[in-house]
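Chain by chain, the residues:
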Amino acid sequence: MWKKSEDSPVTATSTVPPAAPPARPGAIATLGPSIVIKGDLTGEEDLVIEGRVEGEIRLTKNSVTVGKNGRVKADIYGKRVHVDGEVRGNLYGDQEIVIRASGRVQGNLVSPRVTLENGSKFKGAIDMEPAKPMPSPSAGAERKSAPGPSPASAAPSATPKSPSTGATSS
Amino acid sequence: MKITQRPGGGSAKIESETGTHQSLALPALYRGLRTGTQKILDLGPAIGPNVAFFGRLPCSLFIADLHESLFPGTSDGAVRRNDSFEELLGLELPDDGGFDLVLAWDLLNYLDQDEISALSRRLADVCSGGAVLFAMITTRRVMPNKPTVFRILAPDRLSYRLESGVKRAAPMYKEPDLGRIMPDFGVESTFLLRNGMQEYLFSRHASA
């Protein structure tokens, strides 16, 4: 964890690094098993959750992984969302959502690519319409006023014999 | 094919069985699904290949997993929960309706007549007129101890997995029985398969 030096004097010539440095590319933050967070989480790093989170998790440009010990009661917005632990909430994966064999999810899944591994448990709705923008307060309004292509036209090769679209399974 | 596995990481070994069979009802469902956006309610568990299958079609999918609610865990003991079935349906099925297709798989075999009636009433509430209910009723005297997990391999092919060789007596519901205890639905067509399963396509009455 970063430790801020709050009592050191800050002057114009100070070389003390800023309190909130920009995220390093490829950086992964981990919430350990003893960490409990009640509130919203945002950021620009990949995140692994092994602790408990209640609130909203929004890392739309990064991956969110709920580890085997992770217990989340929150909606999760991520580029990729992987679940090994337990989630009660809706998952929004800009690229993909994967519920691994040990994963337990109760909520709705919204992503162009959803994978449910053998042994995983899931209850809820699955929405895999391709090219749907990640919902946000502003994007939600856009979506309603600007209908996109119909699923059929957006995925012309969407037949059971085509492996090129949508969900995968294992 | 017989394989041996350790369910749920436990130490006990049980015999499980997998196989495939041709479905005669699924092709009809599949043709309907390709004609427009459909809302599907799956009463069975979330299965990767099934989600993948429906994910390629213009439809939305809601997974209720009554298997897990009624028969929690993976042991072959298949102890049913004693909760009120109607309460369970209230908790597990979505309130917002408009479903065009319900996949009941072989669940009806594991419900008594009152429970099937309750399920039928609840489904009538959440289905649109003309919605199709797909169910498999065994015509044999015995059946697996808990509902079977089916995987859609192709529009006309299912694979199944039995977690143990433990069997129980089957209710062997007949078409007139089902028509009587599910008054909101009518039998559209049935297909008797070689494996002893009879596939049913029910249709919700428009006036229900």
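Residues numbered from 1 in each chain as written. Chains lettered and ligands numbered in written order. Predicted model: local features only at pLDDT ≥ 70, side-chain atom pairs only at ≥ 80, totals over all residues. Heavy atoms only, no water.

K.L.:
Mind showing me how you'd approach helix H1 (residues 26–33) of chain B here?
P.N.:
Three or four residues apart is the spacing at which side chains of an α-helix point the same way, because the helix has 3.6 residues per turn. Every buried residue of H1(B) is listed here: B:Leu26, B:Pro27, B:Leu29, B:Tyr30 and B:Leu33. For H1(B), the buried positions fall inside an angular range of 160 degrees around the axis, keeping them on one side. (Buried < 20%, exposed > 50% of the residue type's maximum accessible area, 1.4 Å probe, protein only. Helix = DSSP H or I, 4+ residues; strand = E, 2+ residues; numbered from the N terminus. Arc of directions from axis to C-beta.)

K.L.:
Looking at this structure, how should I read helix H4 (residues 85–92) of chain B?
P.N.:
Considered for burial, the residues of H4(B) that qualify are B:Phe85, B:Leu88, B:Leu89 and B:Glu92. What you see down the axis of H4(B) is that its buried residues fit within an arc of 100 degrees, all on one side. With respect to the buried face of H4(B), the exposed residues turned more than 90 degrees away are B:Glu86, B:Glu87 and B:Leu91. Among the structural elements, strand S12 (121–127) of chain A together with strand S4 (59–63), helix H3 (66–70) and helix H5 (113–126) of chain B are those in contact with the buried residues of H4(B). (Contact = heavy atoms within 4.5 Å.)

K.L.:
Whenever I open this one, the confidence of the model for chain A confuses me. Can you help?
P.N.:
Low-confidence regions, as indicated by low pLDDT, have predicted coordinates that should not be scrutinised in detail. Residue and element names in this part refer to chain A. Mean pLDDT over chain A works out to 74, with 61% of the residues at or above the 70 mark. Per-element confidence in chain A ranges from a low mean pLDDT of 30 for helix H2 (residues 151–154) to a high of 98 for strand S7 (residues 86–88). Considering only residues more than four positions removed or in separate chains, one finds that residues 137–167, a stretch of pLDDT under 50, has 32 contacts. (pLDDT = per-residue confidence, 0-100.)

K.L.:
Hey, could you run me through the nonpolar core in this one?
P.N.:
Counting residues in hydrophobic clusters, the biggest one holds 50 residues, and the most contacted among them are A:Ile57, A:Leu109, A:Ile126 and B:Phe54. Excluding residues within four positions of it along the chain, A:Leu109 makes contact with A:Leu91, A:Ile97, A:Ile99, A:Val114, A:Leu116, A:Phe122, A:Ala125, A:Ile126 and A:Asp127. Judged by nonpolar contacts, the second largest core, of 38 residues, contains B:Leu107, B:Tyr110, B:Val126 and B:Leu178. (Core = buried A, V, L, I, M, F, W, Y, C linked by side-chain atoms within 4.5 Å.)

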